[in-house]
Amino acid sequence: MLKYHEPVSAFAMYAMKRKNTESSSNSKKLKRKHSSFQDKKVVSIGDTKFKIQEKTKQISMHKNIQGTNKVSINKIPNINKKKNLISKKTNSSIISKKNKLIKKPIHKRQNKNIILISGSKKVEPKKKLKNSVLMVNRALAKMKQIKQKQIKKTRVIKRTIQETTYSNCETSEENHENPVKTSRSMFEWLIYPMKIEEFFEKNWEKTPVHIKRNFPKYYKLLMSTPMLDKILRESYILFTKNIDITSYENGVRETHNPIGRAVPTVVWDYYMNGCSVRMLNPQTYIPKLHSLNATLQEFFGCFIGANSYLTPPNSQGFAPHYDDIEAFILQIEGKKRWRLYKPRNQNEYLPRYSSENFSQFEIGEPILDTIVNEGDLLYFPRGTIHQGETIDNTHSLHITLSVYQKNSWGDFLEKLLPNALTAAIKENYEFRKGLPIDYLRYCGYVHSEIQNNSKDKFKEKIKHLLNKLIDYIDIDEAADLMAKNHIHDFLPPVLSESERECSVTQDGEKMIENGIVNNRVEIEPDTRFRLARSHCIRLIKEDESFKIYYSSENSKEYHEYESQFLEVSEEFIPAIRKMILQYPNFIRVEDLPINGEDNKIQIVKDLWEKCLIVTDNPLCILE
């Protein structure tokens, strides 16, 4: 398992190698202050060519939009001509003004302090020399001011070129998918034809539902038995870590995992002998399943896991039991008979942990006994006792999606109450008062069946303090702690084709033949961007410092890496907050509520390089 023992931060010193010696003094100060901010490249707009990359755009899962041709600035003669005119006029005016200032007459004044000029017999007063130097400095300042005006004009020209080009470009903000709507549509597809509102009102955490479709190929695009064979042959799959061999016969549940790699011939030999094959986290090896789960994470706001189950004909792989997750059974191939049972008591309703195996006489009569065919979906809440078996000489392959593990009110209160108690003890002296001297004489196991006035008063005091504790709860802090755990659990996001074209995954510098790097791009003040996914980033305050926890660099293998985060200075928090609150809308870099254009560009660039944001269009290429 790979672990990063030090925080991975965009503000770390590893960025020193990327500093640009041509950067302004302000940028250099910024880097020293933030350690990892990289210098903004100084580019002469008048001499730079802009090209728009040829891109392809995906509007939905099944629709492609072709990209646009590259456009060069040289194809717009009027604008180029205007730039050249501005440049020439500016240069001539600077030279003439500079000469005029230098030749300005200076009134001679007698001064006892004189300086000897090498190669000349004359001596000049110091004051006269100082005045000359002062006028030269003024001239240089004037030149700098004119140059800044020129840069502003060329920036306006550049924006005009971009807007003209993008108006004919199919890859634009309007053509980007809205990730919030996409995730909802994905869940609608999962439970179709049932409506989302109906599902959450009648079934979610309440009762099972079997959705029958009479559409055998509905989930076929996700997985198949040949695909499972291919994974075993092409990937290094290990018994126990990636795959389990199980059986349930005559009331006995067994696991038959050998040690080492799960090669196909061994796995299929177990299968031929009546054993079930469970693959753990198949989304690690199946891109379409990864895409499904990652998209649903945006809808549910928590980790979406999966296991696949291949069961040979007329057999059963697992004993009756219940799980600690909301289960969605997607029947891929064959069919399976499912028997579901209600929890045995109130303590097992919506449990936080899975159960041990039950015997048949412990679980009573089923509340649902149904045959799930290819293309069907079966949902049941956590705590529902279940068992499945193949019938009619038919095998079964299904995927179980697991949702809402450890995402209950109880889990939230576990984060909320300890911090509230810490704050109460610190701020309220009532929580620091001593306990009654004799409380151990009437509290404890020995005294549990004895009731007296002293114990009643003790309970009343506890109730009083608990009521006071409410004043110190911080639900925002508890929510951040929950989100921090989710960030660590999440699968990495899956971007659409158009989003990849506008993200660091496919945009930016590229290596071509002969070791040449081209496709140099730069984020500008008028660049429009948004977060790639809202669930992938969380701004948290910890120990008087601010950190951005993110999941864009998580592994598809569950918890392969430690939590990833960036440390952020407090002055940048308003910009991060606006990015999060504006999602899924696009905003301009220049509209970020922090001071300094370099600051705005650099913080967006840092997040762009972590694949946390996408731009509305591919960035312009600088040559």
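Procedures and definitions
- Residues numbered from 1 in each chain as written.
- Predicted model: local features only at pLDDT ≥ 70, side-chain atom pairs only at ≥ 80, totals over all residues.
- Heavy atoms only, no water.
- Helix = DSSP H or I, 4+ residues; strand = E, 2+ residues; numbered from the N terminus.
- Buried < 20%, exposed > 50% of the residue type's maximum accessible area, 1.4 Å probe, protein only.
- Contact = heavy atoms within 4.5 Å.
- Expected span 1.5 Å × (residues − 1).
- Patch = residues over 30% accessible without salt bridge, like charges linked within 9 Å, V, L, I, M, F, W, Y side chains within 5 Å.
- Areas by Shrake-Rupley, 256 points an atom, 1.4 Å probe, with all protein chains shown as cover.
- Salt bridge = Lys/Arg side-chain N within 4 Å of Asp/Glu carboxyl O.
- Pairing = 2+ DSSP bridges.
- Axes fitted to C-alpha atoms, helices over the stretch in contact; angles between N-to-C directions.
- Parallel < 35°, antiparallel > 145°, perpendicular 65-115°, else oblique.
- Left-handed = near helix turned anticlockwise from the far one by under 90°.
- Nonpolar A, V, L, I, M, F, W, Y, C, P; charged D, E, K, R; others polar.
- Phe/Tyr/Trp six-rings, centres within 6.5 Å; stacked < 30°, edge-to-face > 60°.
- Lys NZ or Arg CZ within 6 Å of the ring centre and 35° of its normal.

### A look at the overall build of the chain
From N to C terminus, the chain includes 14 helices and 26 strands. Per-residue burial for the chain yields a buried fraction of 44% across its 623 residues. Residue pairs at least 24 apart in sequence account for 77% of intrachain contacts in the chain once pairs closer than 6 positions are excluded.

### Thoughts on helix 9 (residues 409-427)
Given 3.6 residues per turn, any residue in an α-helix points the same way as the ones three and four places further on. Helix length check: helix 9 (19 residues) gives 26 Å between terminal C-alpha atoms against 27 Å at 1.5 Å per residue, within 8%. Regarding helix 9, the residues found buried are Asp 411, Phe 412, Leu 416, Ala 420 and Ala 424.

### A look at a nonpolar patch on the surface
A cluster of nonpolar side chains, Leu 413, Leu 417, Ile 470, Ile 473 and Ile 475, forms an exposed patch at the surface whose accessible area comes to about 430 Å². Inspection of the secondary structure puts Leu 413 in helix 9. Classification of Leu 413 as partly exposed rests on a relative accessible area of 38%.

### A few points about the pairing of strand 22 (residues 545-550)
Most of strand 22 is tucked away, with five of its six residues classed as buried. Where strand 21 (residues 537-542) and strand 22 come together, six bridges link them in antiparallel fashion. Across the sheet, the residue bridging to Lys 541 is Phe 546, located in strand 22. Hairpin connection from strand 21 to strand 22: two residues lie between these consecutive antiparallel strands, with Asp 543 at a positive phi of about 50 degrees. Here strand 22 pairs with strand 23 (residues 564-568) via five bridges, running antiparallel. The partner of Ile 548 across the bridge, within strand 23, is Leu 566.

### Focus on unusual backbone geometry
Of note, the amide linkage connecting Tyr 192 to Pro 193 takes the cis form, showing an omega dihedral of 5 degrees. Mapped onto the secondary structure, Pro 193 falls in the loop between helix 4 (179-191) and helix 5 (196-202). Omega for the peptide link from Tyr 583 to Pro 584 comes to 5 degrees, which places this bond in the cis form. For Lys 406, which is not a glycine, the phi torsion comes out positive at approximately 50 degrees.

### As for the packing of helix 4 against helix 8 (residues 287-300)
To describe two helices that pack against each other, one gives the angle between their axes and the distance between the axes. Following both chains from N to C, one finds helix 4 and helix 8 inclined at 110 degrees, their axes separated by 8 Å at the closest point. Relative to helix 8, helix 4 is oriented roughly perpendicular. Crossing handedness for the pair helix 4 and helix 8: left-handed. Residues Pro 179, Val 180, Thr 182, Ser 183, Arg 184, Met 186, Phe 187, Trp 189 and Leu 190 of helix 4 form the contact with helix 8, whose own contacting residues are Leu 292, Thr 295, Leu 296, Glu 298, Phe 299 and Phe 300. Of the residues in the contact of helix 4 with helix 8, the class split is ten nonpolar, three polar and two charged.

### Details of the environment of Gly 317
Of note, Gly 317 is situated in the loop between strand 10 (305-311) and strand 11 (326-334). For Gly 317, a relative accessible area of 4% gives the class buried. Separated by 69 residues in the primary sequence, Gly 317 and Tyr 248 have C-alpha atoms spaced 5.0 Å apart. Those residues in contact with Gly 317 that lie beyond four places of it in its chain are Thr 246, Ser 247, Tyr 248, Arg 253 and Ser 276.

### Concerning the sheet that holds strand 22
Taken together, the three strands give an open sheet; going across it, the order is 21-22-23, and neighbouring strands pair in antiparallel fashion. In this open sheet, the two strands that pair with only one neighbour each are strand 21 and strand 23. Strand-to-strand twist across the sheet, computed as the mean angle between neighbouring axes with direction ignored, equals 30 degrees.

### Considering the packing of aromatic side chains
The tally for this structure, following the rule as stated, stands at 31 aromatic pairs. Between Phe 199 and Phe 200 the ring centres are 5.3 Å apart and the planes differ by 80 degrees, which places this aromatic pair in the edge-to-face class. Using a relative accessible area of 1% as the deciding quantity, one classes Phe 199 as buried. Its relative accessible area of 27% is what places Phe 200 among the partly exposed residues. By the ring-pair criterion, three or more aromatic residues cluster together here, those being Phe 187, Phe 199, Phe 200, Trp 204, Phe 299, Phe 300, Phe 328, Tyr 379 and Tyr 404. We note Arg 213 situated over the ring of Tyr 218; from NZ or CZ to the ring centre the distance is 3.9 Å.

### Remarks on the environment of Val 180
Relative to the elements of secondary structure, Val 180 occurs in helix 4. The spacing of Val 180 and Arg 533 is 353 residues in sequence and 8.5 Å in space, taken between C-alpha atoms. Residues within four places of Val 180 in sequence aside, it is in contact with Glu 298, Tyr 583 and Pro 584.

### Looking at the sheet that holds strand 13 (residues 368-372)
Across the sheet, which stays open at both edges, the three strands sit in the order 13-12-15 with antiparallel pairing between neighbours. Two strands close off the open sheet at either side, each with one partner strand: strand 13 and strand 15 (385-389). Recorded for the sheet is a direction-independent mean angle of 20 degrees between the axes of neighbouring strands. As defined by bridge partners, strand 12 (residues 336-341) adjoins strand 13 across five bridges and the pair is classed as antiparallel. Looking across to strand 13, one finds that Leu 340 is bridged to Leu 368.

Such coordinate-based values are descriptive only and should not be taken to indicate function.
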